[in-house]
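Listed below, chain by chain, are the residues.
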Amino acid sequence: MVFQRFIGAIGSLAITFLLISHTSHASSTPSTATAAKPAQLEVYKSPTCGCCEEWISHLQSHGLKSNIHHPDDLNAIKNRYRISPQYQSCHTAISPDGYVFEGHIPAPVITRFLAEKPEGAIGLAVPGMPVGSPGMEMGDRFTPYDVLLLKSDGSSEVYIRITSLTQTF
C-alpha cells in the first residue's frame with residue numbers, strides 16, 4: 001500500500017513537471033497573433049491630398065495600420081529617406097524598421113516585402129500616380145505600372161509588375 005502511494009506521488013510529480021515545462025515553453029514562444037501583428041506605417045502626406053486618403057483606406061482594409069503626418073516640408077522627408085526624385089509620388093510611408101514605401105503601392109505588395117525583406121533594399125516605390133493604382137481608381141480605367149525595389153546604392157529594379165485591376169499577389 002505504501003509502495004502504491006509512493007508510485008502515485010511520483011506520477012503526480014511527473015505530470016506536474018510536464019505541465020510546468022510545457023507552460024513555460026509555450027509562454028516563451030511567440031504566438032501566431034504576435035507574429036501576425038500588422039505593420040504600423042508612419043505616412044507623410046499633404047493635408048489636402050484626397051488620393052493619399054484613399055490609399056490609406058486601402059492599407060487599412062488590408063490590415064495595415066497607419067499614423068498620418070502632415071509635415072511642412074514633405075520633400076525633407078523624402079530626402080531624409082533617400083528617395084530620389086525619379087521615384088517620388090505624393091506620399092511617403094515608413095515602416096517601424098525603417099523601410100520606405102513611396103506612392104500608390106498595393107497593400108499586399110507591402111506585406112509581401114515586409115515578410116521577405118530583400119537584402120540591400122530600402123523599400124518600394126510607385127513613381128507618379130498611375131491610374132488604377134490604390135487611391136487612384138477611376139472606374140475600369142487602368143494603366144499597367146511597376147512597383148520598384150529601391151536599393152541602398154540608389155538604384156532600383158522591378159519588384160513586381162501590376163498588369164490589371166484584379167491582379168492577385
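Predicted model, so just to flag it, every value in this text is computed and none were measured.

Caption draft 1: Examining the sheet that holds strand S4 (residues 100-103) more closely. Taken together, the 7 strands give an open sheet; going across it, the order is S2-S1-S3-S4-S5-S6-S7, and neighbouring strands pair in mixed fashion. Sheet topology places strand S2 (65-69) and strand S7 (156-162) at the edges, where each strand pairs with a single neighbour. Taken pair by pair, the neighbouring strands of this sheet meet at an average axis angle of 25°, ignoring direction. Sheet analysis places strand S6 (residues 145-151) next to S7, joined by 6 bridges and oriented antiparallel. The residue of S7 that forms the bridge with Asp146 is Arg161.

Caption draft 2: Structural context of the packing of aromatic side chains. Applying the stated rule across the entire model yields 4 aromatic pairs. Ring plane angle 85° and centroid distance 4.9 Å describe the contact between Tyr99 and Phe113, whose orientation is recorded as edge-to-face. Here Tyr99, found in the loop between strand S3 (92-94) and S4, pairs with Phe113, found in helix H5 (residues 107-116); they are 14 residues apart in sequence, far enough to count as distant. Phe113 matches Tyr99 in its accessibility class, with the two residues each being buried. Ring geometry for Phe113 against Tyr159: centres 6.0 Å apart, planes inclined by 70°, an arrangement best described as edge-to-face. Separated by 46 residues along the polypeptide, Phe113 in helix H5 and Tyr159 in strand S7 bring together distant segments of the chain. Here Phe113 and Tyr159 have matching classes, each one buried. Taken together, the ring pairs connect Tyr99, Phe101, Phe113 and Tyr159 into an aromatic cluster.

Caption draft 3: Expanded view of H5. Along H5, the positions that sit buried rather than exposed are Ala107, Val109, Ile110, Phe113 and Leu114. Seen along its axis, H5 keeps its buried residues to an arc of 160°; they face one direction. The elements touched by buried residues of H5 are helix H3 (50-61), S4, strand S5 (121-126), S6 and S7. Just downstream of H5, Lys117 is the residue with a positive phi angle, here 45°.

Caption draft 4: Local environment of the pattern of salt bridges. Scanning the model with the defined rule gives 6 salt bridges in all. Salt-bridge contacts for Glu116 lead to Arg112; the nearest nitrogen and oxygen are separated by 3.1 Å. Taken together, the positions of Glu116 and Arg112, both in helix H5 and 4 residues apart, correspond to about one turn of that helix. Close ionic contact of Lys151 with Glu157 constitutes a salt bridge, the shortest N to O distance being 2.6 Å.

Procedures and definitions
Residues numbered from 1 in each chain as written. Predicted model: local features only at pLDDT ≥ 70, side-chain atom pairs only at ≥ 80, totals over all residues. Heavy atoms only, no water. Pairing = 2+ DSSP bridges. Helix = DSSP H or I, 4+ residues; strand = E, 2+ residues; numbered from the N terminus. Axes fitted to C-alpha atoms, helices over the stretch in contact; angles between N-to-C directions. Phe/Tyr/Trp six-rings, centres within 6.5 Å; stacked < 30°, edge-to-face > 60°. Buried < 20%, exposed > 50% of the residue type's maximum accessible area, 1.4 Å probe, protein only. Arc of directions from axis to C-beta. Contact = heavy atoms within 4.5 Å. Salt bridge = Lys/Arg side-chain N within 4 Å of Asp/Glu carboxyl O.

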